Amino acid sequence: MHRLSFHTAGESHGRGLVALLEGIPSGLPLEMERDVDPELRRRQGGYGRGRRMEIESDRAELISGVRLGETLGSPIAMLIWNRDWENWLTAMSPLPPGEDENPKALRPHYLPRPGHADLVGALKYDRRDVRDILERASARETAARVACGAVVKKMLADLGIGVASHVVSIGPVGAASMPLPEDLNAAVDPSPVRCLDPRAADAMMEEIDGARERGDTLGGVFEVVATGVPVGLGSYVSWDAKLDGRLAGAVMSVHAVKGVEIGIGFEGARRPGSEVHDAIVRAEDKVRTGRLGRASNRAGGLEGGVTTGEPLVVRGAMKPISTLRKPLPSVDLRDGAVGNAAVERSDVCAVPAAAVVAEAMVALVIADAVLEKVGGDSMKEVRRNFDGYLTYLGSRGFAGR
Ligand code: EPS
């Protein structure tokens, strides 16, 4: 990231998660209960989640960066405590175990789960107990990302930019494609699978029930849509300035995501150019696209790594969660004995939650690109600069150079 940076820390069953966000301008109204906690709740939901989500009710505790309800321009530090920690005091203690400690109380795992970070982590970090790996590799970490995303979403909303998401498919069940409502999140959040198509939503839930009964898990595809994004964010001039690459990296970094598409993505590779590219049309009322619009948006709002002003559309394909109640074969890291992979409490399907996490990641990338484009240390300055850019776009005609 260029203007914004964020870091997270924390283990899944440790004391809690830390989120540290730097680069937010001063003067942004921000309250955890109003602006961050509702986003954390959205991440916790979704049909197919495991029992952990019944234990937690994630809330962000603000440590720094805000005074009297407004950001200061200083780093924003937030804590999300793990309520489950009290059940893990011995197994997750930072202190060396006592000599007479029952080894089972340390809840070790020695048979890595295929698909999880267990094996690669154990080899890389030279550990035998894969708990040393899975605690940080767990998608619990995404709660801290969502806290950072909630702050930048607030900033983007102030500039008329909205970021939302919905689930497009779970396992073999796909939603019918339909026009997106103006407030996408308001429309899909009440759905237990965050799907716009109610018939598909029922079939998805049935599919999840079936997977649960079989001791199996399911993946799926989610779509993040950002509206109000003006033309001109990101750049074609250098590989690492291209916003499509930055978005793809951000969404791919979400746990279990194995594929990212922008616009029609892979489908575009199967069609001739005439059926891929979006015709340019005059659009007097569309200031954010420079008074020129597109007859379609198969590019997903990006050309040359630069936003077009049309909605940004990014899809992520999530593989099924790797903890299987009927586990796959694995090997014991202590003695090489063949056995079955470890079983931890887990989710059957977390695609609805992953969509919320991807929203946060997309919002962080867009906010970074906005600050890079217009700059500003205070929200007043950012707004002034942003409005100045919109004024330029709105005033562009066809005369002159
Ligand atoms: C998660 C909490 C975890 C898992 C899930 C993500 O809680 P626990 O391990 O205590 O059940 O439910 O992580 C995974 C599925 C995984 O494979 O790491 C959360 O807060 O999202």
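Residues numbered from 1 in each chain as written. Predicted model: local features only at pLDDT ≥ 70, side-chain atom pairs only at ≥ 80, totals over all residues. Heavy atoms only, no water.

For helix 7 (residues 198-214), with 17 residues, the first-to-last C-alpha span of 25 Å sits near the 24 Å given by 1.5 Å per residue. Of all the positions in helix 7, only Ala 200, Ala 201, Met 204, Met 205, Ile 208, Gly 210 and Ala 211 are classed as buried. Here the buried face of helix 7 lies against strand 8 (162-170) and strand 9 (173-174). Of the residues trailing helix 7, Gly 215 is marked for its positive phi of about 75 degrees. (Helix = DSSP H or I, 4+ residues; strand = E, 2+ residues; numbered from the N terminus. Expected span 1.5 Å × (residues − 1). Buried < 20%, exposed > 50% of the residue type's maximum accessible area, 1.4 Å probe, protein only. Contact = heavy atoms within 4.5 Å.)

A few words now on the site of the ligand. In the vicinity of the ligand, 14 residues are found, and the nearest of them are His 13, Arg 43, Arg 52, His 116 and Arg 345. Arg 43 has a polar side-chain atom sitting 2.7 Å from an oxygen atom of the ligand. A distance of 3.0 Å separates an oxygen atom of the ligand from a polar atom in the side chain of Arg 140. Expressed as a share of its isolated accessible area of 470 Å², the protein-covered part of the ligand is 93%. (Near = heavy atom within 4 Å. Polar contact = N/O pair within 3.5 Å; in protein donor to acceptor, adjacent residues only side chain to side chain. Areas by Shrake-Rupley, 256 points an atom, 1.4 Å probe, with all protein chains shown as cover.)

Glancing now at the layout of surface pockets. In this structure, the second largest pocket occupies an estimated 790 Å³ of space. Lining the second largest pocket are 35 residues, and of these His 166, Leu 180, Leu 184, Glu 223 and Val 225 lie nearest its centre. Of all the secondary-structure elements, those providing two or more residues to the lining of the second largest pocket are helix 1 (32-44), helix 5 (142-158), strand 8, helix 6 (184-188), strand 10 (220-227) and strand 16 (312-318). A total of six residues in the lining of the second largest pocket trace back to one element, the largest contributor, which is strand 8. Among the residues making up the lining of the second largest pocket, the classes are represented as 17 nonpolar, seven polar and 11 charged. (1 Å grid on protein atoms, 1.4 Å probe; cavity = no way out; pocket = protein on both sides within 12 Å on 5 of 7 lines; lining within 4 Å. Points joined across faces, edges and corners; volume = space filled by probe spheres on them. Nonpolar A, V, L, I, M, F, W, Y, C, P; charged D, E, K, R; others polar.)

Right, let's get into the environment of Pro 352. Looking at the element boundaries, Pro 352 is found in helix 9 (residues 351-374). By relative accessible area, Pro 352 is classed as buried at 1%. Contact partners of Pro 352, with chain neighbours within four places excluded, come to Gly 46, Val 167, Ile 170, Pro 192, Val 193 and Arg 194.

If you walk across this open sheet you meet the three strands as 3-6-5, and the pairing is antiparallel. In this open sheet, the two strands that pair with only one neighbour each are strand 3 (26-29) and strand 5 (66-67). One ladder, built from two bridges, connects strand 5 with strand 6 (residues 70-72); its direction is antiparallel. Bridging across to strand 6, Val 66 finds its partner in Thr 71. (Pairing = 2+ DSSP bridges.)

A few words now on the packing of helix 1 against helix 5. Close contact between helix 1 and helix 5 brings their axes to 9 Å; oriented N to C, the two are set at 135 degrees. Between helix 1 and helix 5, the angle falls in the class oblique. Seen along the crossing, helix 1 lies across helix 5 with a hand that is right-handed. Residues Arg 34, Asp 35, Val 36, Glu 39, Leu 40, Arg 42 and Arg 43 of helix 1 form the contact with helix 5, whose participating residues are Thr 142, Ala 143, Val 146, Ala 147, Ala 150, Val 151, Lys 153 and Lys 154. Here the residues of the contact of helix 1 with helix 5 sort into seven nonpolar, one polar and seven charged. (Axes fitted to C-alpha atoms, helices over the stretch in contact; angles between N-to-C directions. Parallel < 35°, antiparallel > 145°, perpendicular 65-115°, else oblique. Left-handed = near helix turned anticlockwise from the far one by under 90°.)

With that out of the way, let us pick up the packing of helix 9 against helix 10 (residues 379-395). Put simply, helix 9 and helix 10 touch, their axes get as near as 9 Å, and they point 80 degrees apart. Considered as vectors, helix 9 and helix 10 are oriented roughly perpendicular to each other. Here Val 370, Leu 371, Lys 373 and Val 374 of helix 9 lie close against helix 10, whose contacting residues are Val 382, Asn 385, Phe 386 and Tyr 389.

Here we come to the pattern of salt bridges. What the rule picks out here adds up to 34 salt bridges. The residue Glu 39 makes a salt bridge to Arg 42 at a minimum N-O spacing of 3.1 Å. Of this pair, Glu 39 and Arg 42 are both found in helix 1, three residues apart, which corresponds to roughly one turn of the helix. Just as Glu 39 is buried, Arg 42 falls in that class too. Ionic pairing is found between Glu 141 and Arg 145, a salt bridge with its closest N-O pair at 2.9 Å. In this structure Glu 141 comes out as buried when scored by relative accessible area, which is 9%. Ionic contacts of the salt-bridge type, sharing partners, join the residues Arg 43, Arg 52, Glu 56, Asp 58, Asp 84, Arg 140 and Arg 345 into one network. (Salt bridge = Lys/Arg side-chain N within 4 Å of Asp/Glu carboxyl O.)

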